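Commentary on secondary and tertiary structure
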Amino acid sequence: MHSHVDKSQENKSHRVIYNQSTGGSGAGTALHIQDNRTEAVAQRKLQALANQYSNTQDQTLRRKPSTTGLLDPLKLKDSTVSDETVTQRYAIEREPALKRLYSVSDDREMITGMGTPNHELYIGNHGLLAQIHAATEASMLDFSIDGTHKLFKKPYEKVKVGFKRYQFTTPPEGKEKTKTHSVDLDEEYNSKIVPGIKRLTQEKFDAVMGKVDKTPWKKDFKNIQAPLNRLVRSLELFKKLVIANQAKETYQDEGTTMEAPYLFIHTIENQIYSKAALKDDILATDDMLEALTGEIKHTMGDDKYLMDVLSDCIQFAGALGKAIPQGIPVDLILIHSASYQQAMWRSMKEGTPMFYRACDVMAATVMGNRVIPQNEDQLKIYVAGGNSGAFHYAAKILASGKDWVSLESFAAGEREREILGVDDENFLMNIERSWQYMMYGSRNKEGKSSRQEDNAFELYTKLRYYLKGIKQPGGFRSPQRDRLHSTIPKDAFVGIADLDAEGSEKLWWRLKINNFFNEHGKITNPKMLQEMFVEIFVPMALKEYTPAITQKLITLYQTPSSNQRHIQAPPSNEVMNITAWLRFAGISRDEVEHFIMHYGTHLFKHSGKPRNVYNDALKDLMLRLEKI
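As the structure is a computational prediction, the values presented were derived from the model and not from experiment.

What counts as what
Residues numbered from 1 in each chain as written. Predicted model: local features only at pLDDT ≥ 70, side-chain atom pairs only at ≥ 80, totals over all residues. Heavy atoms only, no water. Pairing = 2+ DSSP bridges. Helix = DSSP H or I, 4+ residues; strand = E, 2+ residues; numbered from the N terminus. 1 Å grid on protein atoms, 1.4 Å probe; cavity = no way out; pocket = protein on both sides within 12 Å on 5 of 7 lines; lining within 4 Å. Points joined across faces, edges and corners; volume = space filled by probe spheres on them. Nonpolar A, V, L, I, M, F, W, Y, C, P; charged D, E, K, R; others polar. Salt bridge = Lys/Arg side-chain N within 4 Å of Asp/Glu carboxyl O. Buried < 20%, exposed > 50% of the residue type's maximum accessible area, 1.4 Å probe, protein only. Polar contact = N/O pair within 3.5 Å; in protein donor to acceptor, adjacent residues only side chain to side chain. Contact = heavy atoms within 4.5 Å. Axes fitted to C-alpha atoms, helices over the stretch in contact; angles between N-to-C directions. Parallel < 35°, antiparallel > 145°, perpendicular 65-115°, else oblique. Left-handed = near helix turned anticlockwise from the far one by under 90°. Phe/Tyr/Trp six-rings, centres within 6.5 Å; stacked < 30°, edge-to-face > 60°. Lys NZ or Arg CZ within 6 Å of the ring centre and 35° of its normal.

The antiparallel open sheet is built from five strands, whose spatial order is β17-β15-β14-β13-β18. What marks the edges here is a single partner per strand, and that holds for β17 (436-440) and β18 (475-476). One ladder, built from five bridges, connects strand β13 (residues 379-383) with strand β14 (residues 391-400); its direction is antiparallel. Residue pairing in the sheet places V383 in a bridge with F391 of β14.

The space that makes up the largest pocket amounts to roughly 1000 Å³. Along its surface, the largest pocket is lined by 39 residues, and R100, G115, T116, P117 and E120 are the ones closest to its centre. Elements that contribute at least two residues to the lining of the largest pocket include exactly β5 (100-104), β9 (154-163), α4 (221-246), α8 (304-323) and α9 (332-349). The element contributing the most residues to the lining of the largest pocket is α4, with six residues. Of the residues that constitute the lining of the largest pocket, the class distribution is 13 nonpolar, ten polar and 16 charged.

Scanning all chains against the criterion turns up 22 salt bridges. Here R165 ties to D184 by a salt bridge, and the two come within 3.4 Å at their closest N and O atoms. One end of the pair, R165, is in strand β10 (residues 165-170); the other, D184, is in strand β11 (residues 179-184), and 19 residues separate them in sequence. In the salt-bridge network here, residues are joined through shared partners; they are K380, K396, E453 and D454.

What follows is about the side chain of S406. With respect to the helices, strands and loops of the structure, S406 is situated in strand β15 (residues 403-408). Under the relative-accessibility criterion, S406 is labelled buried at 0%. In terms of polar contacts, S406 uses its side chain to reach the side chain of E408, at 2.3 Å. Residue contacts for S406: discarding those within four places in its chain leaves A394, A395, K396, I397, Q436, Y437, M438 and Y440.

Here the focus is the packing of helix α5 (residues 259-272) against helix α7 (residues 286-300). For the pair α5 and α7, the least separation of the axes is 9 Å and the interaxial angle reads 150 degrees. Judged by the angle between their axes, α5 and α7 are roughly antiparallel. Handedness of the α5/α7 crossing: left-handed. Where α5 abuts α7, its residues A260, P261, L263, F264, T267 and I268 lie against M288, L289, L292, T293, E295, I296 and M300.

Summed over all chains, the structure comprises 19 aromatic pairs. Both rings, one in F163 and one in W581, keep their centres 4.9 Å apart while their planes meet at 90 degrees; by these two values the pair is edge-to-face. In this pair, F163 is assigned in strand β9 and W581 in helix α17 (residues 575-584), connecting sequence segments 418 residues apart. Just as F163 is buried, W581 falls in that class too. Plain terms: the ring middles of F457 and F476 are 6.2 Å apart, the flat faces sit at 85 degrees to each other, and that makes the pair edge-to-face. On the criterion of sequence distance, the pair formed by F457 in helix α12 (residues 449-468) and F476 in strand β18 is long-range, its members being 19 residues apart. Each member of the pair, F457 as well as F476, carries the same accessibility label: buried. Feature note: the residues F163, Y189, F355, W435, Y437 and W581 constitute an aromatic cluster, connected by ring pairs. Between R108 and the ring centre of F152, over which it is positioned, the NZ or CZ distance is 5.6 Å.

Cis geometry marks the peptide bond from T116 to P117, where omega comes out at 0 degrees. As for its placement among the helices and strands, P117 is situated in the loop between β6 (110-113) and β7 (121-123). Phi is positive for A497, which is not a glycine, with a value near 55 degrees. If you trace the backbone, A497 turns up in the loop between α13 (479-482) and α14 (501-513).

Structural data, given as structure tokens:
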């Protein structure tokens, strides 16, 4: 996955399989992945609202981790990432003019920033924009070019995300004819929603600063805020570089070299997210950080970028300790919160759109909350280990060569919710700036290319969770994909060549041990569903029946096991974005909650056509926006 370039080039680029980014603010608050089922009162409340009116819900729609893993098509082991080689893919490079780190695809056609959050995506080939449009065809999102920028002495187009114009009709009422509506969501968002977001942001900032003004350290606020923000930015970048360094074929779950970086991060975060931080406590971490630095240097010392950022973390931690007044406990959560609201203002000034904060909601937004054979490989899901209940969704929007880019978001834990200012009164308005573009690579292995993307995503996310303290390995899962295809039963071949149930089962096991199926009877690699491949493993006595056996496999594979085609059921889907817009535009909370309950129940009762219900919900929301 990751290996260093020649010594003559090591100061210029570090080759990696993919780069890391945890959700969060680049201006003073680290926003992390959490269990989506417990991460926020918002998600719990919204799910409860839908469930109140749905006693007959389809169990396939419940938010439970799947026990069905996607195995590597040429491998029977449970783990998809433990012992495979990985090809060097994109590079982390320092742009010489800007002096900033970027992820650059191996073919140099895609560049993403490494900020937290990262809203920078550049393409070197204008044709790649059409690929993004195709990937988000069913979405409310619209992508365009926002000028040309020179990076690494080459012109790149910056990709901008906004919202589409929707056209739809409503049936005639009374003597009225069928009416055509055209709703420019981008215009609606900027004219009606952004002012509401600004008002709420100002209210949150004023409330935080009101609390700061009552503290004994109020005169030290700015002196503390500056090094704290720098430390958070450096620490988030350090996490990305550590994961990039370790995301390689030599990584082992046992005896991992991730422990020292984890302890380094944990030591700092214990101090910087304290509500009663003391100067002496922060300064007392120096010896621990220096000892951990020695361990990190021993295993990762040839990574210049990582070691530079590591030094920055220690420097800013020391500066933070010095800035805190002696003997006075300082609530650093208040400072994080103030910094975050300031960052929100900057993002809105720059025209950065805000999205509902949750990884599954963002994936549904990107893909239009539908999974079909044409887009199933875009959806990436990782379920963490250790019975943690944590999981993460991502949606691919672009690929070039063996590298690919996702647009994803991250759920907020209790600590992050306090920093963001999300509470019981405004939980329906959980729209903010933590979404990111992220670049990944692929495993170096024969077989379906998307499976190699999945394996890379799995390893990368496993490392990310390790730095959060969830150290037990998890795995790639996608029950939404599994719905599109049926399992191959052991009696599938009964009747072919007069095979009975016993003969069919023997053939099934013969194909199974040659990796046609995983342990659940799912086809592991659709490319193998060709006569030339099937014939290799069919016994001599059945060779002439290879066409019939192959066709049976294809027919069963293409038969969906469920009518469900959505990524997540309401309220955890794209509709949540416009639902939140209604609150910002002044629609009452009771009315919005009623809307959520209505369509949540409607989808469960009409589970055979979830996309139709979903479209109806969007149309209803847009009609409400028109009237505001």
